[in-house]
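Given next are the chains, with one letter for each unit.
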Amino acid sequence: MLQDINLALQPGEIVTVIGPNGAGKTTLLRLLLGLSKPTTGKVWRRPGLGLGYMPQRLQIDPSMPMSVARFLQLGQPQVDVREALSRVGADRLADTGLAELSGGEMQRVLLARAASRKPQLLVLDEPTQGVDLGGQGEVYRLIAALRDELGCGVLLVSHDLHLVMAATDKVLCINQHICCEGLPEQVSRDPAYLELFGDKVVPYTHQHNHEHDFGGDILHPHSHDQDEHKQ
Amino acid sequence: MTQLSELLQTQFLWFALAAGLLVALVSGPLGCFAVWRRMAYFGDTLAHSALLGVTLGFILQIQPTIAVGASCCALAILLVYLQRRQKLSVDTLLGILSHSMLALGIVTVSLFGINVDLLSLLLGDLLAVGGQDLVLMAIAAAVIATLLYFLWEKLLAFTLHEELAAVEGVPVEKTRLALMLMLALLIAIAMKVVGILLITALLIIPAASARRLSRTPEQMAIFASAIGCCAVIFGLLASILWDTPAGPSIVLAAGVLFLAAQLRPNR
């Protein structure tokens, strides 16, 4: 399924995995999470690495009565529900039943749970699944804000090519092997990338030299040092 | 009514009531998991295999409740394994196994000339519960209750999302196995109460009735136990008053309670 994958994740770095359907994105994620074992090769996780995982979706049977607050504290009663929800801008959802959430609300709640574990590595499987177009950019802004707050590494799998390009430090384009990797601007010009996704995709050329807060205001200026993104 | 007050003096009635309540208490929370995880068919398959356990117990000279418990456990483990490596849908697989097991049970009972009342195995024989049965049932119920208490959060996390639970450190396979074994134990003790054919009803109906009344998983589990206990009491009363079979009367009472719960506006 997957071969010749060599990937290292650094703290504080957002790495996005893109690739066509069947490229092995989910397989790669499962390997990194320890949900399946590689046939050859090795996955090394720093001992005691705190993992936060946001699954692609959570389909709860409506017969199960469970509020968002209860879900956030499930197996981790010490979590402060209000803090966890305000982190993702979903304060008012605490008493809502999980089964009643919209797609976008569910993604926020899943993100809140992943972040509430104060992970050193946040792993997100298509975090905008089921989120309407307007909300997708907001989800990526949230992820970047979480990275800044928690100082964790972020690995995400995504389909939203142009949105991802804006909010990531490093892109890994895979199709059963690594096709190309590097900074978003480099990857979007890479022949291997263009071959996979065609030129329908307008490469996103946002100059990422500052950060936004939730309201879109510019926080402290910040520029990416290209040299720190090495394998 | 004098007849009833006379009956209330008899031991078998209190044994029957105690047995019914024990089973209802633990089948409440387990039934919730059966509903949440959509395992009704799975429970049916396990229950239908109980008859084979009776035969095995007879051949090996083992106490029937223990034999049924052991054979249900074995089948539960086999099912978990089969579900993972089949091309057929789980639904189809269980449909095949469920009825084959029932047929196999009935055939082996007659093949080995086992002297049992088939009807009482299929529909329960609550009024014939003896002291030894009651002790075994109490032990099994205590084991189930203890496991439920200690594994509760893990079982919930595992029911919500298996992979998320696994990443967060829940031993998913062990939790799954524990749930299966609890179900197998329950079936072994519920067989006396409502019989092989109706065990799933006792599992599903109280839990489903409790859904409308509950806002948390814990509430639903407790309400399911309570509704199950009411069904046992009403069913047993009806069975004495009108001389109807106890097991089906209990299930019918549960069904009526389910309908009554539907009258309540949704929460």
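All figures in this text were calculated on a predicted structure; none of them were measured in a lab. (Residues numbered from 1 in each chain as written. Chains lettered and ligands numbered in written order. Predicted model: local features only at pLDDT ≥ 70, side-chain atom pairs only at ≥ 80, totals over all residues. Heavy atoms only, no water.)

**Q** Got a sec to walk through a nonpolar patch on the surface? Specific residues and values, please.
**A** All names here are of chain B. Among the surface-exposed residues, Leu56, Phe58, Ile59, Leu60, Ile62, Ile66, Val107, Leu111 and Phe112 lie close enough to one another that they form a single nonpolar patch of about 830 Å² accessible area. Going through the elements one at a time, α4 (50-60) and α6 (90-111) are the ones with two or more residues in the nonpolar patch. For leucine 111, the position within the fold is in helix α6. You can call leucine 111 exposed: its relative accessible area is 66%. (Patch = residues over 30% accessible without salt bridge, like charges linked within 9 Å, V, L, I, M, F, W, Y side chains within 5 Å. Areas by Shrake-Rupley, 256 points an atom, 1.4 Å probe, with all protein chains shown as cover. Salt bridge = Lys/Arg side-chain N within 4 Å of Asp/Glu carboxyl O. Helix = DSSP H or I, 4+ residues; strand = E, 2+ residues; numbered from the N terminus. Buried < 20%, exposed > 50% of the residue type's maximum accessible area, 1.4 Å probe, protein only.)

**Q** Lay out the confidence of the model for chain A in plain terms, naming residues and giving numbers.
**A** Of all residues in chain A, 85% attain a pLDDT of 70 or more, and the chain-wide mean is 78. Note that pLDDT drops below 50 for residues 203-231 of chain A; the model gives that stretch 41 contacts with residues more than four away or on any other chain. (pLDDT = per-residue confidence, 0-100. Contact = heavy atoms within 4.5 Å.)

**Q** I'd love a proper account of the pairing of strand β4 (residues 153-157) of chain A, names of residues and values included.
**A** Remark: a regular strand shows side chains that alternate across the two faces of the sheet. Residue and element names in this part refer to chain A. A large share of β4 lies buried, amounting to five of its five residues. The side-chain alternation of β4 yields two buried faces, one formed by Gly153, Leu155 and Val157 and the other by Val154 and Leu156. Looking at chain direction, strand β1 (residues 14-18) and β4 are connected through four bridges and run parallel. Along β4, the bridge assignment pairs valine 15 with leucine 155. Summarising the sheet, strand β3 (residues 121-125) and β4 pair through five bridges and their orientation is parallel. For aspartate 125, the partnering residue across the bridge sits in β4 and is valine 157. Each parallel crossover has a hand, and the one from β3 via helix α5 (residues 133-150) to β4 is right-handed. (Pairing = 2+ DSSP bridges. Right-handed = clockwise from strand over helix to strand, strands pointing away.)

**Q** Please provide a residue-by-residue account of the environment of A:Gln3, values included.
**A** Residues and elements named next belong to chain A. In this structure, glutamine 3 sits in the segment before β1. For the pair glutamine 3 and valine 164, spaced 161 residues apart in the sequence, the C-alpha separation amounts to 24 Å. Beyond its immediate chain neighbours, meaning those up to four positions away, glutamine 3 contacts Gln176 and His177.

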